[in-house]
Structure formats: C-alpha cells, structure tokens
Amino acid sequence: MMSRKLAIIIGGGLGGLSLASLLAKEGLDVYLFEKNNHLGGRINFFQEKGYFFDMGPSWLLMDDIFDYFFKLVNKNFYEELDLIKLDPIFKIFFEDGESITFYSDISKNEEIFEKLEKNSFKKFVKYINLMEEMYFLIRDKFIFNEINFRNFFDLDLIKLMAKNNPFKNLDSGIKKIFNNEKIIKTLEFSSLFLGTDPKESLFIFGLINYFLFKRGVYYPKGGIYKIVEKIVDINNNLGVNMYTNKNVKEIIIENGRANGVILDDGEYLRSDLVISNADLYHTEMKLITNKKYRSYNDQFWKKIKIAPSAFIIYLGLNEKIDNLVHHNFYFCDDWNLNFKEIFNHNNLPTNPSFYISVASKTDDMIVPKGKEQFFILVPISAGLKITENDKYLFRDKIYKKIEEKFNISKLESLIELEKFFILDDFISLYNSFQGTALGPIHNIYQTLFRPKNKSKKVNNLYYVGSYVQPGIGMPMVIASAIITYKRILKDLTKK
Ligand SMILES: Cc1cc2nc3c(=O)[nH]c(=O)nc-3n(C[C@H](O)[C@H](O)[C@H](O)COP(=O)(O)OP(=O)(O)OC[C@H]3O[C@@H](n4cnc5c(N)ncnc54)[C@H](O)[C@@H]3O)c2cc1C
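This one's a predicted model, so the numbers in the text were calculated from it and none came from an experiment. (Residues numbered from 1 in each chain as written. Predicted model: local features only at pLDDT ≥ 70, side-chain atom pairs only at ≥ 80, totals over all residues. Heavy atoms only, no water.)

### Description of the overall build of the chain
In terms of helices and strands, the chain carries 18 helices and 19 strands. Relative to its length of 495 residues, the chain is compact, with a C-alpha radius of gyration of 22 Å against a globular reference of 23 Å. Taken over 495 residues, the chain has a buried fraction of 60%. Of the contacts made within the chain by residues no fewer than 6 positions apart, 71% connect residues no fewer than 24 positions apart. For the chain, the exposed area adds up to about 20200 Å²; of that, 50% sits on carbon and sulfur atoms. One finds the centroid of the 67 positive side-chain charges in the chain at a distance of 6 Å from the centroid of its 61 negative side-chain charges. (Helix = DSSP H or I, 4+ residues; strand = E, 2+ residues; numbered from the N terminus. Rg over C-alpha atoms; globule rule 2.2 N^0.38 Å. Buried < 20%, exposed > 50% of the residue type's maximum accessible area, 1.4 Å probe, protein only. Contact = heavy atoms within 4.5 Å. Areas by Shrake-Rupley, 256 points an atom, 1.4 Å probe, with all protein chains shown as cover. Lys, Arg positive; Asp, Glu negative; His and termini not counted. Charge placed at Lys NZ, Arg CZ, Asp CG, Glu CD.)

In structure tokens form, the structure reads like this:
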C-alpha cells in the first residue's frame, strides 16, 4: 500500500472508469470528472417510448479481457453480468440477393463454406485455430503491456513468425488461404471493428475471427450499458468520487508537472497526478494550453489516419421482423470502393455497406411487447460536412436498401421512433477528433507506434482509452486501463 495520492481522471468512458477502479483498489484517492450527464462515454444509451437503445457498442467480444479486469478488482465477470452466448452469430446479406447465416457451433458452418468454395471448411478450421494460437501468444506480451520491442525476442513468437507472420497484411493473408469473394468478405469485415481497411490491417487482427467463430459472441441481458453500470458499482464500493456534468477545460501544468485541472466553472482542483480519458487530440490540443507540454504537434495530427465516423439511425418498429437475427450486415459488391469512400474525407458512400443490430431478437425487455428495435450503423468518412438535406437523402437511400435486400416491405410505415446520431454528434458529445467514432486506425505503424499511455513531456500526466496502447474497442480500452495502471504504479513506487 502506497501513501495516499490523489488522482484526477478526465472523462468517464470505459477507459476512465476501469482505471478508476484499479487505482482506487490500490489505495489512491480518485476523482473522476465527466462532461456529459451520465457515465460510459461512447458506451451510451437512451430510453424512449418504452424502447431501450445501446447507442454505441453492440458486440461483446474478448470476454477473457473483461474477465481479467474483473478479477483484478476481485469480481467475477461471468457472475456479475447475465451473459447470453449468441447463436446464430450473424447474418450477411450480399448485394446479389444471397444471405448467409453463421452459427456459433463451428461445425454447423461446414455446409456454408463448402458451398461457397470446395475444401474451404478444413482451411477455415485451421485458420481459426491459428488465430487462437496467435492470440494467446501475443495477449500477455502485447495487449496487457506497452509495446516494447524486447517482447519480440520470444522463442515461441519467433517460431510463429517464421511460420506465419502475424504482422503481415490481413487482406493478402486471407486471400492466400481463400478464393471465394464471400468467404473473404466474411473473414475481413472484422477489421472494421478496429476502424481499419482490411488492406491496411494486420493478419494478427484476424484474431477477432477466433472470437466470432469459436470462443463466442456475448450479449449482457439488459444491454451493453450493463457493463458500465457494473463498473460504476465497483467504483462506488471502492470510494471513487465520480462527477457528471463537469467539463474539464484545462490541465494545470506548472514546471513540467500536472498539478490538477480547471473546470468550466473556473474551479481549480489540485492533484498528484492527472489521467486523461478524453480523446487524445482534445487532451493535447485543447486541455494543454502551453504548446511546449504537448507530446504530439500539429504535424502529427495532420498525418494521423483516423477511423471512420458513423451514420447511425435508431428505429423503434411496431412489429417483429422475421428475416433478421441479432447481428446483421449488408455488404455491397464494390467493397474496395466502399472502403475508399469511408476514409476519403470527401463524400458519403455512394453504395454503402452497413450493419443492423436487432438486440430485441435476444432481449425482449428492451422493447415494448411485440415490437422490434433496429440500430442501423453505416460507416462514413470522418471529417465530412453533412447538411440536413444530405442526411435525409442518405437515410432514404438506406431505407430503400433495407427494404430491397432484407425483404422488408414498407419499412417507413413500421417506424414509431426514429433518432439519428451522426458525425457532428461525436464531436459535440465526446470531443471526438473530426467525428471519428473510434480513434486512430490500426495499420502497422499506428499499432506498433501507437501513442503511449504517458505524456512524453509532462511527468505525471497519463492517458487511457482507444487513442493510446493497445487501441480501439471495449476490450482494448480495458487493456489500456491495465497498461496505464501498471505504468502509474511503477512510477509511484520508483519515487
Ligand atoms: C457507434 C459505436 C459502435 C461501437 N461498437 C463497438 C462494439 O460493438 N464492440 C466494441 O468492443 N467496441 C465498440 N465500439 C468502440 C468502443 O465503444 C470504444 O472503443 C470505447 O468505448 C472507447 O472508450 P474510451 O474510454 O476510450 O473513450 P470514450 O468512451 O469516448 O470516453 C471518453 C470520455 O471522456 C469524456 N470527455 C471528453 N472530454 C472531456 C472533458 N474536457 N472533460 C470531461 N470529460 C470529457 C467524454 O464525454 C467521454 O465520456 C464502438 C464505438 C462506437 C462509437
């Protein structure tokens, strides 16, 4: 137990909340300030007309990472949440009219694979097993620790790299194994979970396919927001002081030390260390007013490649829809053009691929009896200006596609609730950089040289969340809290 230090955390997203638990458990006095009126950040929700909507994440993957974190705070993830393993896992609707449902029992997918490409199922099983092996090899070295090139000098990793380089390109790696376009799309779309074009992504990130097809996709009954509620409970029990509607406007830096923060109302709050969970651009360029204390300059922000934004529509529908499962995708034929357009900072996609979550297929408590909810997410480029006119034209395009491809007649007549969340909402609600939904993409450079979880210029200023190591998505953000926590402990015990 160390002497009682006071830590201020800026932002109550998953990164800030989980770091708060870890620090409080270690005996630190933790104060967390969140600008919005409730905690959770991008894991957000709203309730209206008897519908409950998760507004952000809908896929709970990598349960082992959540489990690891919960164990660190003496809780059991599998007991704390009412987890349902989804089956089917997802359904893909292709532009040519074919739709394919994938199941959690891997052997149930044999017929599908064989129909698409002869002898592909055996290759698929081998590929998934390879992803499993790679994942467990890299997890403890690279996910729970800051990237350190010494970690590459590991005999098992070297052997694996000689056999199958995990850092090669995802797209070419998959295309070396499979020929069928639909199989390739099925095994590559998960790179979008990391906000990255498969052509820029790494073979190792196919590890998500291990979770999708073998380990399992989960849903916590009541919605993904239950995860936030559990961590908030843990924090309350550990004595973390959490405040909402408290916008931090500046980090106080004096003689190279972060000595606290200034809130919007002018209140000065002093601390021994400051950790920012806000998007890194906002932290560095807005909260640090003296340029000499910024670790990343204008050039860095000009060069950085960021993940797409999103055009999201939440629909409450007045009847059940048969043709869909919990997780559904529509994939357009011209996949390459679509990927180009969602990174071009130029226009809305001409023929968009999109995703529809119908969580009410699994959880009837989140909708009024006999009704259905759609969460429609269309990846779009960050940095766009979208007018009201663009918005409604694009919406109509999506509804038309849904009617045609998902075989739903008169979608508009079923809608009793319609709400949007689009690019600028990411900026106003989360202080997101150019409206990115996720943060910097995971190409090889931005994975291996991702910003570290500690400022390069200010000794006791730390970062946590999807902009820093290891990266994007709920499990990675929890891992980032673990990395930041280890770094803080190391620094505190050094003194
Ligand atoms: C639409 C969408 C779908 C997603 N789907 C999935 C999915 O299916 N599965 C998955 O694993 N991940 C998914 N993700 C990614 C995942 O939600 C994020 O990676 C993760 O929640 C980010 O957590 P964070 O703590 O890094 O940041 P955030 O959640 O953004 O938290 C940062 C917090 O800081 C606050 N803040 C900012 N500035 C200030 C300030 N000046 N003062 C005080 N507070 C401030 C913000 O309000 C916010 O609450 C999705 C994300 C989105 C947006």
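### Quick notes on the pairing of strand β6 (residues 90-94)
The buried fraction of β6 is high, at 5 of 5 residues. In β6, alternate side chains face the same way, and those of Phe 90, Ile 92 and Phe 94 on one face and Lys 91 and Phe 93 on the other are all buried. Linking two consecutive strands that pair antiparallel, namely β6 and strand β7 (residues 99-102), is a turn of 4 residues; a positive phi of about 100° is found at Gly 97 within it. As paired elements, β6 and strand β15 (residues 327-331) share 4 bridges and run parallel to each other. Along β15, the bridge assignment pairs Phe 94 with Phe 331. (Pairing = 2+ DSSP bridges.)

### A closer look at the domain arrangement of the chain
Looking at the chain, the domain boundaries give domain 1 (6-43 + 63-73 + 224-303 + 444-494) and domain 2 (109-214). Averaged C-alpha coordinates put domain 1 and domain 2 at centres separated by 30 Å. In this complex, domain 1 contributes 18 residues to the contact, which on the side of domain 2 involves 18 residues. Summing the contributions of domain 1 and of domain 2, the shared interface buries around 1600 Å²; its carbon and sulfur component is 63%. A salt bridge links Glu 146 to Arg 487; the shortest N-O distance between them is 3.1 Å. Across the contact surface, domain 1 and domain 2 share 7 residue pairs in polar contact (both at pLDDT 80 or more). Contributions of two or more residues to the side of domain 1 that touches domain 2 are made by α2 (63-72), α17 (444-448) and α18 (474-494). At 6 residues, α18 tops the list of elements feeding residues into the side of domain 1 that touches domain 2. (Domains from an automatic or database assignment. Buried area = accessible area lost by both parts, 1.4 Å probe. Salt bridge = Lys/Arg side-chain N within 4 Å of Asp/Glu carboxyl O. Polar contact = N/O pair within 3.5 Å; in protein donor to acceptor, adjacent residues only side chain to side chain.)

### Concerning the packing of aromatic side chains
Describing an aromatic ring pair means giving the distance of the ring centres and the angle of the ring planes. This structure, assessed with the given rule, holds 60 aromatic pairs. Considering the side-chain rings of Phe 94 and Phe 331, the 6.1 Å spacing of their centres and the 70° angle between planes classify their relative orientation as edge-to-face. One end of the pair, Phe 94, is in strand β6; the other, Phe 331, is in strand β15, and 237 residues separate them in sequence. Phe 331 shares its class with Phe 94; the two are buried. Each ring, one from Tyr 314 and one from Phe 375, has its centre 5.7 Å from the other, and the planes form 55°; the classification is tilted. Of this pair, Tyr 314 sits in strand β14 (residues 309-317) while Phe 375 sits in strand β17 (residues 372-380), and the two are 61 residues apart along the sequence. (Phe/Tyr/Trp six-rings, centres within 6.5 Å; stacked < 30°, edge-to-face > 60°.)

### Things to note about the sheet that holds β6
Within the open sheet, the 7 strands sit side by side as β7-β6-β15-β16-β17-β14-β18. Their pairing is mixed. Strands at the two margins of the open sheet, each flanked by one partner only, are β7 and β18 (415-422). Across this sheet, the average inter-strand angle for adjacent strands is 15°, counted without regard to direction. As judged from the 7 bridges shared by β14 and β18, these two strands associate in the antiparallel manner. Note on β18: the bridge partner recorded for Ile 313 is Phe 420. Its contacts with the sheet place helix α16 (residues 423-430) against β14, β17 and β18, and it is angled at close to 70° to β18. (Axes fitted to C-alpha atoms, helices over the stretch in contact; angles between N-to-C directions.)

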